[in-house]
Amino acid sequence: MAQAQLAERRPDRSEAIREYQRIIELCGSGQAPASLRQKDDCGLAAFRLAQQLEQLEQFAEAADAYQQVEKLSHDPTKVARSLLRAAEIYADRLSQPGPAVELCQRILSSHPAEVAAEDALRAMVRWRRADPTLLPELDALAKKQSQHIPLASFAWLLSAQLAEEQGTVPDAVRRYDELARRYPKGPLLDDALIAAAKLLRGQKRYGEAAERLERLQRTYTSALIVGHYNLYLLSEGALLLGQIYLEDLRQPARAIPALVGFLKRQPTSRLADDALLLLAEACRRRHSPPTVADRTESCRYLARLYKQYPDTNQRRKADDLSQALACPAP
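Residues numbered from 1 in each chain as written. Predicted model: local features only at pLDDT ≥ 70, side-chain atom pairs only at ≥ 80, totals over all residues. Heavy atoms only, no water.

**Let's talk about the packing of aromatic side chains**
(1) Moving on: The full count for this structure, using the stated rule, is one aromatic pair.
(2) Moving on: Here Phe47 and Tyr66 contribute two aromatic rings whose centre-to-centre distance is 5.8 Å and whose plane-to-plane angle is 70°, an arrangement assigned as edge-to-face. A residue pair is termed long-range when its members are at least 10 positions apart, and Phe47 in helix 4 (residues 41-55) and Tyr66 in helix 5 (residues 59-72) qualify at 19 residues. Neither residue differs from the other here; Phe47 and Tyr66 are each classed as buried.
(3) Moving on: The aromatic ring of Phe154 is capped on one face by Arg122, whose charged end is 4.6 Å from the ring centroid.
(4) Moving on: The ring of Tyr301 carries Arg300 above its face, with NZ or CZ at 5.5 Å from the centroid. (Phe/Tyr/Trp six-rings, centres within 6.5 Å; stacked < 30°, edge-to-face > 60°. Helix = DSSP H or I, 4+ residues; strand = E, 2+ residues; numbered from the N terminus. Buried < 20%, exposed > 50% of the residue type's maximum accessible area, 1.4 Å probe, protein only. Lys NZ or Arg CZ within 6 Å of the ring centre and 35° of its normal.)

Now the structure itself:
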């Protein structure tokens, strides 16, 4: 192994390839020393051989070598990664999607707990997007692998996205909701709730959209503890909730606490300036015509916007609103 790794540094890779092949032959014949098998050097030799062949653009041979890892290694992570790399070579380098999909299915079946299984699922969906059998297959996989939460979550999410692409919005919403129902503390809850809310808003089902976004905002504390959620998505969800209350449901009084809560939780969010402008508009619309208190509060949020975000892309809208309210000059 040491000789092979040293040989990798030379411009001519042939010696390294020969050394790795010799180790693989020893391992395959059962003559390898116990130390090689215990340290998983048999699997490592096959993996390194595959990498060398891939760098030499000998893609068919590299794909074969990556698959040998499954026979020689006792490390499930290395096996899953190797099978995935072989699949990617078949699909992207050899234009053979059939073997690529078969390898991905093998990973999903044999190594569902590995991160490579999630990558294999996404790759398989990318290669089979036009396959009419893919959607029911994803549903079946999500149910079969329900105990493997990351993989099952991705199966539900990808099936929902595929249904959305196919224009079957009710089916997409149902799948997003199923993901959120099954895995309320899972890694993709935020993706599911926001995607469902956007679809429902597009169908003018504003109350249902708001309900999902309210649920997302309630997860903020657990999101920080668990570390799963994307804080940008939480920001996007809060802003979208404020927009729905203000623009769609015409309920500015409900938009205000939603946006204020967001700014308290995430004062440095990239969407904080948008939230401040929405808050100013919501205060202005709270009564018709706006009261003195409404105008004062709206101007206060605009002043905060000018002070904290002087280069905001909302400057023109803020200036127009400030002029309409006759706010003091910033």
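**Focus: the nonpolar core**
(1) Moving on: Leu121, Tyr176 and Leu302 are the most contacted members of the largest nonpolar core, which totals 115 residues.
(2) Moving on: Considering each element in turn, this core owes the most residues, ten residues, to helix 10 (residues 149-165).
(3) Moving on: With near-sequence residues (within four places) excluded, Tyr176 lies in contact with Leu157, Ala160, Gln161, Glu164, Ala192, Ala195, Ala196 and Leu199. (Core = buried A, V, L, I, M, F, W, Y, C linked by side-chain atoms within 4.5 Å. Contact = heavy atoms within 4.5 Å.)

**Comments concerning the state of the cysteines**
Formally, a disulfide is one covalent bond, and it connects the sulfur atom of one cysteine to the sulfur atom of another.
(1) Moving on: As enumerated under the stated definition, the model contains two disulfides in all.
(2) Moving on: Cys27 shares a disulfide with Cys42; S-S distance 2.1 Å. The disulfide joining Cys27 to Cys42 has a torsion of about -80° about its S-S bond and is therefore left-handed. Placement of the pair is Cys27 in helix 2 (residues 14-29) and Cys42 in helix 4, with a sequence separation of 15 residues.
(3) Moving on: Between Cys299 and Cys327 runs a disulfide, and the two sulfur atoms are separated by 2.0 Å. Taking the torsion about the sulfur-sulfur bond, which here is approximately -85°, the covalent link between Cys299 and Cys327 counts as left-handed. (Disulfide = S-S within 2.5 Å.)

**So, the environment of Ser14**
(1) Moving on: Here Ser14 is to be found in helix 2.
(2) Moving on: Exposure remark for Ser14: the relative accessible area of 27% places this residue in the partly exposed category.
(3) Moving on: The spatial distance from the C-alpha of Ser14 to the C-alpha of Asp320 is 71 Å, given a sequence separation of 306 residues.

**With respect to the side chain of Ser73**
(1) Moving on: As for its placement among the helices and strands, Ser73 is situated in the loop between helix 5 and helix 6 (76-93).
(2) Moving on: Classification of Ser73 by relative accessible area gives buried; the value is 13%.
(3) Moving on: A polar atom in the side chain of Ser73 sits 2.8 Å from the side chain of Asp40. (Polar contact = N/O pair within 3.5 Å; in protein donor to acceptor, adjacent residues only side chain to side chain.)

**Notes on unusual backbone geometry**
(1) Moving on: Ser288 connects to Pro289 through a cis peptide bond whose omega is 0°.
(2) Moving on: Its location among the elements puts Pro289 in the loop between helix 17 (272-285) and helix 18 (292-308).
(3) Moving on: With a phi angle near 55°, Arg250 is a residue other than glycine that sits in the positive phi range.
(4) Moving on: Of note, Arg250 is situated in the loop between helix 15 (231-248) and helix 16 (252-265).
(5) Moving on: Here Ala326, not a glycine, exhibits a phi torsion of approximately 60°, which is positive.
(6) Moving on: Mapped onto the fold, Ala326 is located in the segment after helix 19 (315-325).

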